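# Coordinate analysis (summary)
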Amino acid sequence: MIRTHDAGSLRAADAGTTVTLAGWVARRRDHGGVIFVDLRDASGVVQVVFREEMELAHALRNEFCVKVTGVVERRPEGNDNPELPTGQVEVNVSVLEILSEAAPLPLPVDDHVDAGDDIRLKYRYLDLRRSGPARAIRLRSRASQIARTVLHDREFVEIETPTLTRSTPEGARDFLVPVRLQPGTWYALPQSPQLFKQLLMVGGMERYYQIARCYRDEDFRADRQPEFTQLDIEMSFVTQDDVIELGEAIVGALWRELAGHEITGPIPRITWLDAMARYGSDKPDLRYGVELTELTGYLRGTEFRVFAGAIDAGGYVGAVVMPGGAAQTRKELDGWQDWAKARGARGLAYVVLDAETGEPRGPVAKNLSEAHLAGLADAVGAKPGDAIFFAAATDRREAQEMLGAARVEIARRAGLVDEDAWAFCWVVDAPMFEPADPTGWTAVHHPFTSPNSEWLDSFEQAPDRALAYAYDIVCNGNEIGGGSVRIHRADVQRRVFDLLGITPEEASDKFGFLLEAFKYGPPPHAGIAFGWDRVCMLLAGADSIREVIAFPKTRGGYDPLTSAPTPITPQQRAEAGVDAKPKAPTQAAAAEKPGTAGVAAPVEHSN
RNA sequence: GGUCCUGUGGAGCAGUCGGAGUGCUCGCCGCCCUGUCAAGGCGGAGGUCGCGGGUUCAAGUCCCGUCAGGACCGCCA
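Residues numbered from 1 in each chain as written. Chains lettered and ligands numbered in written order. Predicted model: local features only at pLDDT ≥ 70, side-chain atom pairs only at ≥ 80, totals over all residues. Heavy atoms only, no water.

Chain A is annotated in an unreviewed UniProt entry as Aspartate--tRNA(Asp/Asn) ligase from Phytohabitans maris. Word for word, the UniProt comment on chain A under Subunit (unreviewed entry) is "Homodimer." (UniProt positions renumbered as here; feature names shortened; annotations may be inferred.)

For the rest of this paragraph, the subject is the overall build of chain A. On a plain count of helices and strands, chain A comes out with 16 helices and 22 strands. C-alpha extents for chain A along the principal axes are approximately 90 × 80 × 50 Å. In chain A, which comprises 607 residues, the proportion classed as buried is 47%. Here the contacts in chain A between residues at least 6 apart in sequence split such that 66% fall between residues at least 24 apart. Counting every atom, chain A has about 30300 Å² of accessible surface; 50% of that belongs to carbon and sulfur. (Helix = DSSP H or I, 4+ residues; strand = E, 2+ residues; numbered from the N terminus. Buried < 20%, exposed > 50% of the residue type's maximum accessible area, 1.4 Å probe, protein only. Contact = heavy atoms within 4.5 Å. Areas by Shrake-Rupley, 256 points an atom, 1.4 Å probe, with all protein chains shown as cover.)

Burial in helix H12 (residues 490–500) covers these residues: Val 492, Gln 493, Arg 495, Val 496, Phe 497, Leu 499 and Leu 500. Contact partners of the buried residues in H12: strand S18 (433–435), strand S19 (441–443) and helix H13 (504–517).

A few words on the sheet that holds strand S5 (residues 89–100). Taking strand neighbours around the barrel as the criterion, the five strands line up as S1-S2-S3-S5-S4 in a closed arrangement whose pairing is mixed. Within this sheet the neighbouring strands show an average axis-to-axis angle of 55°, counted without direction. Across six bridges, the pairing between strand S1 (residues 18–30) and strand S2 (residues 35–41) is antiparallel. The residue bridging Asp 30 from the neighbouring strand is Ile 35, located in S2. (Pairing = 2+ DSSP bridges. Axes fitted to C-alpha atoms, helices over the stretch in contact; angles between N-to-C directions.)

Here we come to the environment of Ala 319. Tracing the chain through its elements places Ala 319 in strand S13 (residues 316–322). Classification of Ala 319 by relative accessible area gives buried; the value is 0%. Expressed as a C-alpha distance, the spacing of Ala 319 and Ala 406, which sit 87 residues apart in the sequence, is 9.7 Å. Residue contacts for Ala 319: discarding those within four places in its chain leaves Glu 291, Leu 292, Thr 293, Leu 295, Val 380, Ile 388, Phe 389, Phe 390 and Leu 403.

This part is about the side chain of Thr 229. Tracing the sequence through the fold places Thr 229 in strand S10 (residues 227–236). Residues contacting Thr 229, with those up to four places away along its chain left out, are Arg 140, Ile 211, Ala 212, Arg 213, Phe 530, Gly 531, Trp 532 and Asp 533.

When the UniProt feature table is mapped onto this chain, "binding site: L-aspartate" (unreviewed entry) is found at Glu 170, Arg 216, His 445 and Arg 486. Classification of His 445 by relative accessible area gives partly exposed; the value is 31%. In contact with His 445, other than residues within four places in its own chain, are Ala 470, Gly 483, Ser 484 and Arg 486.

Here we come to the pattern of salt bridges. As a working rule, side chains carrying opposite charge can pair if their charged atoms are close by. Under the defined criterion, the tally for this structure stands at 41 salt bridges. Residue Glu 547 is joined to Arg 120 by a salt bridge in which the shortest nitrogen-to-oxygen separation is 2.9 Å. On the criterion of sequence distance, the pair formed by Glu 547 in the loop between helix H14 (532–540) and helix H15 (570–576) and Arg 120 in helix H2 (residues 117–122) is long-range, its members being 427 residues apart. By the burial criterion, Glu 547 is buried, and Arg 120 matches it. Taken together, the shared-partner salt bridges in this structure form one network comprising Asp 114, Arg 120, Arg 124, Asp 127, Arg 130 and Glu 547. (Salt bridge = Lys/Arg side-chain N within 4 Å of Asp/Glu carboxyl O.)

Counted by the stated rule, this structure contains zero disulfides. In this model Cys 536 remains outside any disulfide bridge; the closest cysteine sulfur is found in Cys 475, 12 Å from its own. (Disulfide = S-S within 2.5 Å.)

As a structural note, the neighbourhood of RNA strand B is formed by 48 residues, with Arg 27, Arg 51, Gly 171, Arg 216 and His 445 the closest of them. For RNA strand B, a phosphate oxygen lies 2.9 Å from a polar atom in the side chain of Arg 61. A distance of 2.6 Å separates a base nitrogen of RNA strand B from a polar side-chain atom of His 445. Among the elements of the structure, S1, S2 and H2 are those that each provide at least two residues to the surface near RNA strand B. By residue class, the composition of the surface near RNA strand B is eleven nonpolar, 14 polar and 23 charged. (Near = heavy atom within 4 Å. Polar contact = N/O pair within 3.5 Å; in protein donor to acceptor, adjacent residues only side chain to side chain. Nonpolar A, V, L, I, M, F, W, Y, C, P; charged D, E, K, R; others polar.)

Two numbers describe how helix H4 (residues 131–153) lies on H14: the axes approach to 10 Å, and their chain directions differ by 120°. One finds that H4 runs oblique with respect to H14. For the element pair H4 and H14, the recorded crossing hand is right-handed. Two secondary-structure elements touch here, H4 through Ala 136, Leu 139, Arg 140, Ala 143, Ser 144 and Ala 147 and H14 through Trp 532, Asp 533, Cys 536, Leu 539 and Ala 540. Residues of the contact of H4 with H14, tallied by class, amount to eight nonpolar, one polar and two charged. (Parallel < 35°, antiparallel > 145°, perpendicular 65-115°, else oblique. Left-handed = near helix turned anticlockwise from the far one by under 90°.)

Among the six residues in strand S20 (residues 470–475), six count as buried, and that is most of the element. Side-chain alternation along S20 places Ala 470, Asp 472 and Val 474 on one buried face and Tyr 471, Ile 473 and Cys 475 on a second face that is also buried. As defined by bridge partners, strand S17 (residues 424–428) adjoins S20 across four bridges and the pair is classed as antiparallel. Bridging from a neighbouring strand, Trp 426 pairs with Ile 473 of S20. Bridge analysis of S20 against strand S21 (residues 478–485) gives six bridges, and the strand direction is antiparallel. By the bridge assignment, Ala 470 is partnered in S21 with Ser 484. What sits between the antiparallel neighbours S20 and S21 is a turn of two residues, in which Asn 476 has the positive phi angle 50°.

All told, the structure shown has 13 aromatic pairs when counted by the stated rule. Ring geometry for Phe 304 versus Phe 307: centroids 4.9 Å apart, planes at 80°, classification edge-to-face. The exposure class assigned to Phe 304 is buried, which follows from its relative accessible area of 14%. On the basis of an interplanar angle of 40° and a centroid distance of 4.6 Å, the ring pair of Trp 336 and Phe 389 is categorised as tilted. A residue pair is termed long-range when its members are at least 10 positions apart, and Trp 336 in helix H9 (residues 330–342) and Phe 389 in strand S16 (residues 387–393) qualify at 53 residues. Summarising the burial analysis for this pair, Trp 336 and Phe 389 share the class buried. The lysine or arginine in question, Arg 413, covers the ring of Trp 336, its NZ or CZ lying 4.3 Å from the ring centre. (Phe/Tyr/Trp six-rings, centres within 6.5 Å; stacked < 30°, edge-to-face > 60°. Lys NZ or Arg CZ within 6 Å of the ring centre and 35° of its normal.)

At 3.6 residues per turn, the α-helix brings residues three or four places apart onto the same side. Listing the buried residues of helix H10 (residues 370–380) in full gives His 372, Leu 373, Leu 376, Ala 377 and Val 380. One side of H10 holds all its buried residues, which, seen down the axis, span an arc of 135°. Looking at H10, the residues exposed on the side facing more than 90 degrees away from the buried face are Glu 370, Ala 371, Ala 374 and Asp 378. Those residues of H10 that are buried lie in contact with strand S12 (292–294), S13, strand S14 (349–353), strand S15 (360–361) and S16. Backbone geometry just after H10 places Gly 381 at a positive phi near 75°. (Arc of directions from axis to C-beta.)

This is how it looks when you write it as structure tokens:
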């Protein structure tokens, strides 16, 4: 090693020791006759003092990479720096070697300045020298270790699955990779290892996990990148409760060790239907109350057309209360209309209750009958001084989601969110199906999710109400993981495909290899996948997953550091077979379903 | 695909009602300085106000377009 000690490790007990340190110049304070340098390495910072080598030390600049040798000394009386763990000592340098110089910095390596995202990412290697970004990346490593420990203690096997593969049957767009050896054919990057981990269960591995890179070609969010990581888990011979217990063990260990938070007792479970009814969300933030109230029954018979229209069509009217919301200015109340319009609604109906009298006021109040107004506050649990927001729609879920979004916004604007709180829950009993666009049904989760025992024999009779053994774990309003019990019986799988309108031919074409495997004694199995970037983001207290990814991409899918993606040369293009044209399918069956569903067709080799 | 916010020396910002590229903090270059720790003092360099067009006697400022970054919706386990 070039160094004998870590800079951040030195303490008063080390006084008298001669040490050699190596690191970067975090700051230089040049007093002419004496020069102080804060020397930073991965372990922290220590002050080094120059009374020799003055000419060389004078030339030091920020982020020069240096090696120094000197004696650790107790600092003179009154010169301790209580801000630093090493603040009682300093290193009196006798030898200075400049290992490499640094050009003037495009980005200050300074914890006190926060640069824009594009410049940070372009110079991410400088950004990572700062304590905050460095800590986030190190935390991620510890999180992975903690999860691995929990899983290995339980006899899980870590297995890598391919990243050049077929598309998995999940909803998102695939990233595609041209195949030189078979021009005109394409690999897909996996959206998740879903099918492979199920095959591993058939393979008798029984307990699998993988920290798996996944790819989805969809638009970005603060918590979505096109490539992301899942802690992917699958288990055989288990029930939903077993997976949930494991999930709690992992989350419990992570939060105990990395957030200093003890999760006491089992994490509460809420059914999907309850979550939608009470919070208007399938990932409710339980750090605050502000629950929704359904008013479909209460307001039946109203003449206010917006509400009556929804009620008469068999829809939903509901409300959510903003505590103290009556004190909002006209401008703030108008702001809610803009907020609602930004979400694609026509507006957000509201009634405010006078802080003194409790009298309901506002544009909607004029449209409601005396009787409806009189009991309104009690019906929604509002007090004088509160504001009541309404949503109505023929589609129940649409109105609930509007109120759910309003609930989150209310908590934010009214300062109801306890930023130090951790609120976990499981959302269970998710629906199996939802209506597909023109007609028919689509799987909410994926088509291998098992109906729960109650619906196993009858899901066809009421697909809109059928429930799955599917569960999501939610933390502070973020979905951090989700999974399901899988179908392992061929007859049940066949019936689910039938309902989804997937013909045997299609099923065989898309995932015949899985169905084939399921002929040979597949065990009952279930699993879960944690969104590892989100988990680490929450643990790090970051507001974007970019903070816990070493080299993230910007919103446009661009990497400012490498400038990827880039055009390819004509030669690369020809070799990759990007433009190879598949021969016209000859089989009648293939001709009936053009596009992705067809059997890989032979291609013409044009050059 | 849509709505909104941002874009000003290397970094972070301010810039009023349209009136000279004006200002602040940091950094950079030079000098001074023996106890600082986001050191201090003196001096200096550094700008196509993202880009293009328009309105105007006059545009960093107003309008249109465009590019880039960000937040959200659509989309997406």
